[in-house]
Structures are given as structure tokens and as C-alpha cells.
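Summary of the model geometry
One letter stands for each residue in the lines below.
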Amino acid sequence: MGKITGFMETERAQETYASVAERLQHYREFFIALNDAAISEQGGRCMDCGIPYCQTGCPVNNIIPDWNDLVYHGDWRRALAVLHTTNNFPEFTGRICPAPCEAACTLTINAEAVTIKSIERAIVDYGWREGWITPQPVANKSGKKVAVIGSGPAGMACAQQLARAGHAVSLYEKNDRIGGLLRYGIPDFKMEKHLINKRMEQMRAEGVSFYPDHHIGKDFAASQLLADYDALALACGCEEPRDLPIAGRELSGVHFAMAYLPQQNRRQAGLSVIGDKILATDKHVVVIGGGDTGSDCIGTANRQGAKSVTQLELLQRPPDEEDKDVVWPNWPLKLRTSSSQEEGCDREWSVATKAFVGDENGNVKKLRIVRLQWATDNNGRPVMKEMPGSEFDLHADLALLAMGYVHPVHAGLLEELGVAFDGRGNVAADDINYQTSKEKIFVAGDTRRGQSLVVWAIREGRQCAAAIDKYLSG
């Protein structure tokens, strides 16, 4: 334990942001990090709890009290080593994870949590600056070959762990660059892509072979991979979007969020845009869906110069503060405002879109909205009904559907492999063996559990790699 009275003497501090006016001029990360001394002081707030709920709140089970203590004492290199024992890519999670560890921190019972996420990011950024993060190749090779399909965080973590276990690993990606949704989903202002590139260099030196532009199940046969490799890991994400099949859905200007966001990432990388160009410039933009993807659309639209941005949410407005006696140490339901929402956005709660209305040229011009009332049925489940006479129209030149994903894409790869699905349409497998219904085929991340967090993807990629290693070598 760093400072026994630290949590009583030191107030919580965390990074700040550049002003809205400044950060809207670019697509780079805009957080202003604490200096090393301030981070060390924040590490001293950790109480070294008898039961560190932060560790169980963290899906990768980061050994948080240990690296808090090491940072407090200035031992950054050992802190980095401890951090890497559970997390292959803390620079990813330290930027885009919502930090369930902080919600589970014991201090939140009656005070403010330790700034775990800021400390995590500071440790790994320190390690990159000092040149401490280097390849870890192994001398003894197993002679076994594994193909990993999908290069998001689950696929990258799985591939790196398998390479470090001595297997020959090939990582396949359908897009032209490695990274999955980290590359072509998360905006650059939340996570810059040089971070992915640096990890790729490390993994390549450890023996991972990268194959972008390989759409397995479409342009390349999955059966050939089964013949060529000793095991196959599916980490191809959960990309079947939830649609909104209402009147006017076919109008020009109504798009899925994941048709919109990757285009800006490609522009930032100096690449050509694939498909019809979707831009929010000088448009009234409506984002349907209140989650992280919707927030990313807001931040991107504002940077593109939208006239206005409105976000619609089906659910009720959450309370300003959670009931800690009821929810702690679990993730609390409370009102959150993202940095993108702070940049300019009108938010509508408890509303449903009834129709898209277009002009004579087939372009969307407005949304027909109805307000909802929420109640509880006899079984205690929430039910909604439309409020009579509450319909109104909302001006929209661009409507973005950010309502989540229903399951992985079945057509192509998964159908060709013939793997079984669970009741939600995800590839069926448990979280111990990670093995599908087919011999030699394993699955991890969103493909198995449905849409989730980057930190869950890293956890499952690591555990899937361990399961494959056991399958291959015992």
C-alpha cells in the first residue's frame, strides 16, 4: 500500500480536455494528461482493499492495487510489467474503456474513485516513451499453425498470446488495414491509429503474420484454412446491425452508423472513401441510438460542420446519480454525458421514430417522432406505450442508425464453416474451452458473446488463445 492516509488527504484528479472550440478543429486525441508526479499522487489514493472489487469489476482482472502502489513509489517499469500480465493493449483500454473498475472501486461508496483509467494509460504511455515495450519472441516453436480470423482487439490479443506460446500465427482481416473496429470504427479523436501500428510492429517481430484484404468466406475459402492450419480462431466481431424497418427507410440520407464512421477514419488515414460519400457538413443530423457508437457519430458530425445534431434515445432519461446502496460494485445506471455530447447535441429521451419523410427527390428531410410512456407490467418488466397526440417532426438531412448489433454476420464465413449458434445468433461456445461445435474451430470476443466492450474482447482473446494452446499441446 502506497500512502496509508492517501485516500483521505488527496482529492481525485484526472485528465482534462482541450476546449470545445479548439478540439472541433481536428480529429486528434484531445485529452490533457496529468503529469507523472500527479499520477503518482493519485496512485497513493488506492486503499489496498482486503477485497479489491476493482479487479473483479475489470473484465481482464487487472491487478490494479499492485500497479497503483508501484506508480506511487515511482517504480513505473515494474508497474508496466504488472499491467501487461493481464492486458495486452492497455493503451487501447486506457483510452476507450468506460472503466467499470472505477465504478467498483471501494472509495465510491462515499467518495470519488481512484483514477484507475488515467493511471493505466499513463503507465503504458510511459513505457512506450521509455522504450520498455519490446517484442517477446520465443525460441522454441511448437510446429503448430493457427489462423485467427478478425483483427480487432479479440483477434489481436489471441494472435499475440498464441505467438508467445510458440505457435505460428496468421491473422486475417477483411479490410485493407489491421485493427477491426479499432481501426475503422473508433474515431481518431478517441484513439489515434499509430497505437495499433506500434502493436503490429511488436507482434510481427514476435512471429505473427498479417493478411489484410483477406475476406475469408467471400474472397477466400474457409475450407482451405481448415486444411492448412491446426486450429482456427473466429474473432470476426458482431457486425449485423439492428435496422429500423419503418416507412421511408429506403430514402437517401438514412445510413447505418458503421457506413458513416469508417469513412472519416479513412479520410484521416489519407485513404480513399469506399462507397457513397456520407458527410454531415451543413446538414441537420439526427442520430438514433444513445450508446457509444451514437456518441461517436455526434463527435464526427460536429467536426464535419453539421448545422445541428440531435440524438434520440428510446429509453427513459437515467437519474443524475446512481443508488450506490443498490448497485455498487456493479456498473451503475446514471446519466452520462460524453465528450462528444458536450461538443454540441440536443438529446431526446423516451422517443420512437415512426417514419422517415423525404422530398420529391427521394432524400430524407424529416423524422416523424412519437413520445413514449414507460411503465412496469405484472412481472416487473418495463413496457412502453406511445403517448397519444405526442407526435412531432424533426428536421433531418442525414439520419444515422446507431442502435447496436444483433449478432455476427452469418452469411459467408460462419455458414460455410457450419458452426452452431446460440439463441441470440452468436457462435455457440462456453467461456472455458471456447470451442465451437466444429473440431479445430474456436471463437472469442463479440462473435461469441455479442456486442460488448474492448476490454471484454481482450479478455476473451487471451482466454481463447490459452484454450487453443491446451488443445494443440496439452
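Computed from a prediction, not measured in an experiment: that's the story for all the values here. Here the residue numbering is sequential within each chain, running from 1 through the sequence in written order. Given that this is a predicted model, residues contribute local features only at a pLDDT of at least 70 and side-chain atom pairs are listed and counted only at 80 or more, while totals for whole chains, interfaces and linings are drawn from all residues. By convention in this description, side-chain values take in all heavy atoms of the structure and omit both hydrogens and water.

Observations concerning the overall build of the protein chain
Counted only if it meets this: Helix and strand assignments come from DSSP, with helices taken as H or I runs of at least 4 residues and strands as E runs of at least 2, each series counted from the N terminus. Only the C-alpha atoms count toward the radius of gyration. The rule for a globule is 2.2 Å times the residue count to the power 0.38. Three exposure classes are used, based on accessible area relative to the maximum for each residue type with a 1.4 Å probe and protein chains only: buried under 20%, partly exposed in between, and exposed over 50%. Should any heavy atoms of two residues lie within 4.5 Å, those residues are counted as being in contact. In this description, accessible areas are obtained by the Shrake-Rupley approach with a 1.4 Å probe, and a residue is regarded as covered only by the protein chains that are shown. In this charge count, Lys and Arg are treated as positive and Asp and Glu as negative; neither His nor the chain ends contribute. Every charge is mapped onto a representative atom, which is NZ of Lys, CZ of Arg, CG of Asp or CD of Glu.
For the protein chain, the count of helices and strands is 20 helices and 18 strands. Taken against the 2.2 N^0.38 rule, which gives 23 Å for 474 residues, the C-alpha radius of gyration of the protein chain at 23 Å falls within 12% of a compact globule. For the protein chain, the spread of C-alpha atoms along the principal axes amounts to about 70 × 60 × 50 Å. Counting across all 474 residues of the protein chain, residues that qualify as buried make up 49%. A separation of at least 24 residues holds for 67% of the contacts in the protein chain among residues at least 6 apart in sequence. Accessible area for the protein chain stands at about 21,200 Å²; split by element, carbon and sulfur atoms hold 48% of it. Taken together, the 52 basic and 61 acidic charged side chains of the protein chain have centroids lying 2 Å from each other.

Observations concerning the environment of E239
What counts here: Pairs of N or O atoms are called polar contacts if they sit within 3.5 Å, as long as, within protein, a hydrogen donor faces a hydrogen acceptor (for residues adjacent in sequence, only side-chain-to-side-chain pairs).
Structurally, the position occupied by E239 is in the loop between β6 (231–234) and β7 (240–241). A relative accessible area of 31% means that E239 is categorised as partly exposed. In sequence terms E239 and A428 are 189 residues apart; their C-alpha atoms lie 16 Å from each other. Ignoring anything within four residues of it in the chain, the contact list for E239 reads K174, L181, Y405, H407, P408 and V409. In this structure the side chain of E239 is engaged in a polar contact, spanning 2.9 Å, whose partner is the side chain of K174.

Structural notes on the nonpolar core
To keep things clear, this is the line we draw: Only buried residues count toward a nonpolar core, which is a set of Ala, Val, Leu, Ile, Met, Phe, Trp, Tyr and Cys residues joined through side-chain atoms within 4.5 Å.
Membership of the largest hydrophobic core comes to 65 residues, with the highest contact counts inside it found for W67, I123, V148 and I468. Take this core: its biggest share by element is eight residues, from helix α20 (residues 454–473). Other than its neighbours up to four places away in sequence, I468 contacts V146, C158, L162, A231, A233 and F442.

Some words on the pattern of salt bridges
We apply this condition: Should a side-chain nitrogen of Lys or Arg be within 4 Å of a carboxyl oxygen of Asp or Glu, the pair is scored as a salt bridge.
Overall, the coordinates contain 26 salt bridges when judged by the stated rule. One salt bridge in this structure joins K334 and E322, with 3.7 Å as the shortest N-O distance. In this pair, K334 sits in the loop between α16 (324–327) and α17 (339–342) while E322 sits in the loop between β10 (308–312) and α16, placing the two residues 12 residues apart along the sequence. Take E322: its relative accessible area is 17%, and that puts it in the buried class.

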